[in-house]
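Observations on the three-dimensional arrangement
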Protein chains: 2
Amino acid sequence: MSTSRGARQPTIKEVATLAGVSPMTVSRTLAGGVNVRPDLQRRVMAAVAELGYYRNENARSLRPGQPSGLIGVAITNLANPYYGNFALGVEEVAAEHGRRIILGNTGEDPGRERQLVSDFIGRQVDGLILVPTSGDAAHLQQERLGDVPLVLASRRVPGLDVDTVLLDDVGGAYRGTVSLLDAGHTRIGFLGNRSSVFTGERRFRGYEQAMTERGAPIDPSIIARDQQDVDAASRAARAMLDHPEPPTAIFSANNRNTIGALREIGRRIRDGLPGPRPAVVSFDDFELSELMPVPVTVIDHDARLLGREAATLLFARLEGTAEAGATTVELPVTIAHP
Amino acid sequence: MSTSRGARQPTIKEVATLAGVSPMTVSRTLAGGVNVRPDLQRRVMAAVAELGYYRNENARSLRPGQPSGLIGVAITNLANPYYGNFALGVEEVAAEHGRRIILGNTGEDPGRERQLVSDFIGRQVDGLILVPTSGDAAHLQQERLGDVPLVLASRRVPGLDVDTVLLDDVGGAYRGTVSLLDAGHTRIGFLGNRSSVFTGERRFRGYEQAMTERGAPIDPSIIARDQQDVDAASRAARAMLDHPEPPTAIFSANNRNTIGALREIGRRIRDGLPGPRPAVVSFDDFELSELMPVPVTVIDHDARLLGREAATLLFARLEGTAEAGATTVELPVTIAHP
DNA sequence: GCAATGATTGGTAACGTTACCAACCGAAAG
DNA sequence: CTTTCGGTTGGTAACGTTACCAATCATTGC
């Protein structure tokens, strides 16, 4: 009836023997059955079912020219829902093309990224999608990757001219800051992160542009650009609100900083502490933002779409339908007022 | 200097030729270099660097007994931050054991799950970790999986006796409901989801147990158990609060239902609608729960830890250190009062 | 009835790697 | 000076699959 508990995987040869045909006939049947007699196909399928046979995809992709069907994906922080959605978008498009993803988490560590990339290549991935860390990029140079196409997401890498999907960081930050200025704020604090230099830098540039354009002073003492997690963001917000001349509004460059800032603002309200109740503009959406005790304007974007676009770019490259040079896609962001 | 742009991956044979040794010496060097003269090792490493050679892991694992180094992971919804954290936990432990994860999203579709599992096995995964969908489980029977160990997470599958990691759903729901009863509530609504039968069922049981024990009536007209997403949850909460005799508190069995309920409650408060402002107990944490306009008690748990435990169970099985029978680990939950 | 055609089937080799065995080397021991 | 031994190196085969070619079979047209 069936193999015993814990038996090793049967081979195509065993299936062939049981079905009374050659391995070639089994292979052909499983490949679609062109030019195989229907009765033989039935016998093969019966043997496959009985033995619980699965084609060995690794052996299959050993033959030259055969794709492995794997896409390597390395992201910086899977715990961040933003990247979970990103991975989902990549997975969806990969599945539509009959591929699976191998997923690695770099934790912003360039060494880990390097290690992941070489493992992925060793597993013969058909392509790579990467949210790069900000370290050295020698391991991503085309000559190191051989014929494996690479798509970068969220961030660009200096000196690396490859397909990239980005958000409109500058424009979004600009428009978000303008909305605060329009509401009459002129003293606007900035919370952001440093290490993911690329987005942090771009979002700061948008903020700076808007402030400068409207003649609002940029005061370094209410600019904090070194917070990676919620607790650090909370502390930075606390310091900012304890400033002798505190800001009346805060621009937060990402999800982690927004949550931290709101936690601190909420604490002050709950404890009845005096001081400003700053309006907040948040780059990155979060759930229930409409229920916050201060008005929160959200600069929203679609991480899942970003993942889908990255994968689409990759498959265009794989199928040869991509343009010759490196393409950059910059996805729009939307601003939702409270 | 280096291979040309877009060249195919070099083989071990080419490295051997360049280094002036046999492929065996290259293989041995890369495997750790036991019994290989240091000068030859240096020559090999130089050739590897020059050609940009990566060991072909697929060919490597073709030999019998060699592990592929891959763990197949299928989860139901990667967009849910809960599962993103779960995947991260699995990935961390897998990385500690030198393995990568292949990730697939089932979207609660049993057909997709079946397809993913057979692809994973075809890729010779060393093990499987699954958040099962609630369909038929024939494809998960041991005799179908051959020698590939399986660990289930979050949910159990009827008729499948394998290693499993669960949350203390019943106990958590019980204690959460008791906390509402202790606060004087007796009319408590229930929001939950049906299709992920297992957790939904268990959490309802905990609710039921607490209600019955305290003699609080269980009224089916304020029990809604069919919401999978935030919008459906919102609608269910609206109907519940429009009930002629609305509940004074709501037990929400998961994150999606909690967000939906709070969105509806917030809307009513903002619009100044009359009616109760129900207290909420939420199974699943969410950020900024302390800033909600009604008190929210959170039944919290660690999805990442759940992932780590699942992977730990799997590696115990792989390394033969696991017990003979199927193990079930039930992780505790914590209750955080507002 | 016979040749030509196309459909069907099987054998062989190769993909890139490593386990196993055989061969060789130099050095130490007798 | 020979033997022995451990360290070092290379050749061969096999892992499971499929492309390619050769062989076989039935069918059609003359």
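Residues numbered from 1 in each chain as written. Chains lettered and ligands numbered in written order. Predicted model: local features only at pLDDT ≥ 70, side-chain atom pairs only at ≥ 80, totals over all residues. Heavy atoms only, no water.

1. Structural notes on the packing of aromatic side chains
One pair of aromatic rings is described through two measures. These are the centre distance and the angle between the planes. All names here are of chain B. Inspection of every chain in the model, using the stated rule, returns twelve aromatic pairs over all chains. With a centroid separation of 4.9 Å and an interplanar angle of 50 degrees, the aromatic rings of Phe 190 and Tyr 207 are classed as tilted. One end of the pair, Phe 190, is in strand β6 (residues 188–191); the other, Tyr 207, is in helix α9 (residues 197–213), with 17 residues separating them in the sequence. Plain terms: the ring middles of Tyr 207 and Phe 251 are 6.1 Å apart, the flat faces sit at 40 degrees to each other, and that makes the pair tilted. One end of the pair, Tyr 207, is in helix α9; the other, Phe 251, is in strand β8 (residues 249–252), with 44 residues separating them in the sequence. (Phe/Tyr/Trp six-rings, centres within 6.5 Å; stacked < 30°, edge-to-face > 60°. Helix = DSSP H or I, 4+ residues; strand = E, 2+ residues; numbered from the N terminus.)

2. Here's the deal with unusual backbone geometry
In this structure, Gln 124 of chain B is a non-glycine residue whose phi angle is positive, near 65 degrees. With respect to the secondary-structure elements, Gln 124 of chain B resides in the loop between α6 (110–122) and β3 (127–130).

3. A look at the protein's contact with DNA strand D
Near DNA strand D you find 24 residues, and of these Ile 12, Ser 27 and Tyr 53 of chain A together with Thr 25 and Leu 40 of chain B are the closest. Restricting the count to atoms of DNA strand D within 4 Å of the protein gives a sugar and phosphate share of 66%. A distance of 3.2 Å is found between a phosphate oxygen of DNA strand D and a backbone nitrogen or oxygen belonging to Asn 56 of chain A. Within the side chain of Ser 22 of chain B, a nitrogen or oxygen atom sits 2.9 Å from a phosphate oxygen of DNA strand D. Elements that contribute at least two residues to the surface near DNA strand D include exactly α2 (23–30) and α4 (57–60) of chain A together with α2 (23–30) of chain B. With three residues, α2 of chain B is the largest single contributor of residues to the surface near DNA strand D. Along the lines of polarity and charge, the residues of the surface near DNA strand D split into eleven nonpolar, seven polar and six charged. (Near = heavy atom within 4 Å. Polar contact = N/O pair within 3.5 Å; in protein donor to acceptor, adjacent residues only side chain to side chain. Nonpolar A, V, L, I, M, F, W, Y, C, P; charged D, E, K, R; others polar.)

4. Some words on the UniProt feature "domain: HTH lacI-type" (unreviewed entry) in chain A
When the UniProt feature table is mapped onto this chain numbering, "domain: HTH lacI-type" (unreviewed entry) sits at residues 10–64 of chain A. Annotated as residues 10–64 of chain A, this span is 62% helix and 0% strand, and its ends, taken at the C-alpha atoms, are 24 Å apart. (UniProt positions renumbered as here; feature names shortened; annotations may be inferred.)

5. With respect to the sheet that holds strand β2 (residues 100–105) of chain A
Adjacent strands of a sheet form backbone hydrogen bonds with each other and so pair up, either parallel or antiparallel. Pairing is mixed in the open sheet, where twelve strands are placed in the order β11(A)-β5(A)-β4(A)-β3(A)-β1(A)-β2(A)-β2(B)-β1(B)-β3(B)-β4(B)-β5(B)-β11(B). Two strands in the sheet have a free side with no partner beyond their single neighbour: β11 (328–331) of chain A together with β11 (328–331) of chain B. Taking the axes of each pair of neighbouring strands and ignoring which way they run, one obtains an average angle of 20 degrees across the sheet. Where strand β1 (residues 70–75) of chain A lies against β2 of chain A, six bridges are found, and the strand directions are parallel. Looking at the pairing, Val 73 of chain A lines up with Leu 103 of chain A of β2 of chain A. Its contacts with the sheet put helix α6 (residues 110–122) of chain A on β1, β2 and β3 (127–130) of chain A together with β2 (100–105) of chain B, and the angle it makes with β2 of chain A is roughly 155 degrees. (Pairing = 2+ DSSP bridges. Axes fitted to C-alpha atoms, helices over the stretch in contact; angles between N-to-C directions. Contact = heavy atoms within 4.5 Å.)

6. Examining the side chain of Arg 256 of chain A
Mapped onto the elements of the fold, Arg 256 of chain A is located in helix α11 (residues 255–270). Among the polar contacts made by the side chain of Arg 256 of chain A, one reaches the side chain of Glu 287 of chain B at a distance of 2.9 Å. The contact partners of Arg 256 of chain A, leaving out residues within four places of it in the chain, are Gln 228, Asp 229, Val 230 and Ala 233 of chain A together with Glu 287 of chain B.

7. Some details on the pairing of β6 of chain B
Residues and elements named next belong to chain B. Neither face of β6 is exposed, since Ile 188 and Phe 190 on one face and Gly 189 and Leu 191 on the opposite face are all buried. In terms of strand pairing, β6 meets β8 through four bridges, oriented parallel. Following the sheet pairing, Ile 188 is matched in β8 by Ala 249. By the bridge criterion, two bridges tie β6 to strand β7 (residues 223–224) in an arrangement that is parallel. Opposite Leu 191, over in β7, you have Ala 224 as the bridge partner. (Buried < 20%, exposed > 50% of the residue type's maximum accessible area, 1.4 Å probe, protein only.)

8. Describing the relation of the copies chain A and chain B
When chain A is brought onto chain B, the operation consists of a screw motion whose angular component is 180 degrees and whose axial shift is 0.1 Å, with 0.1 Å RMSD remaining. Both copies are brought into coincidence by an operation consistent with a two-fold rotation axis. Identified as the residue of chain A closest to the rotation axis by C-alpha distance is Ile 102 of chain A, at 2.2 Å. Mapped onto chain B, 100% of the interface residues of chain A again fall at the interface, so both copies present the same surface. (Least-squares fit on C-alpha atoms with pLDDT ≥ 70 in both.)

9. Remarks on the interface of chain A and chain B
Listed by partner, the interface residues are 66 residues for chain A and 66 residues for chain B. Here chain A and chain B share an interface that buries about 5,800 Å² over both sides, 54% of which is from carbon and sulfur atoms. Ranking the residues of chain A by area buried against chain B places Tyr 54, Arg 100 and Arg 123 of chain A at the top, with a combined share of 13%. Inspection of the region where chain A meets chain B yields eight salt bridges. (Buried area = accessible area lost by both parts, 1.4 Å probe. Salt bridge = Lys/Arg side-chain N within 4 Å of Asp/Glu carboxyl O.)

10. Observations concerning helix α11 (residues 255–270) of chain B
Residue and element names in this part refer to chain B. Taking 1.5 Å per residue, 16 residues should reach 22 Å; α11 reaches 22 Å between its end C-alpha atoms and fits that length. Among the 16 residues of α11, twelve are classified as buried, and the element is accordingly described as predominantly covered. Among the residues making up α11, those that are buried are Asn 255, Arg 256, Asn 257, Thr 258, Ile 259, Gly 260, Ala 261, Leu 262, Glu 264, Ile 265, Gly 266 and Arg 268. On its buried side, α11 packs onto β6, α10 (230–241), β8, β9 (279–283) and β10 (296–300). Regarding α11, its N-cap is Asn 254, as a side-chain oxygen of that residue lies 3.2 Å from the backbone nitrogen of Arg 256 further along. Remark: Gly 272 follows α11 within two positions and exhibits a positive phi of approximately 65 degrees. (Expected span 1.5 Å × (residues − 1).)

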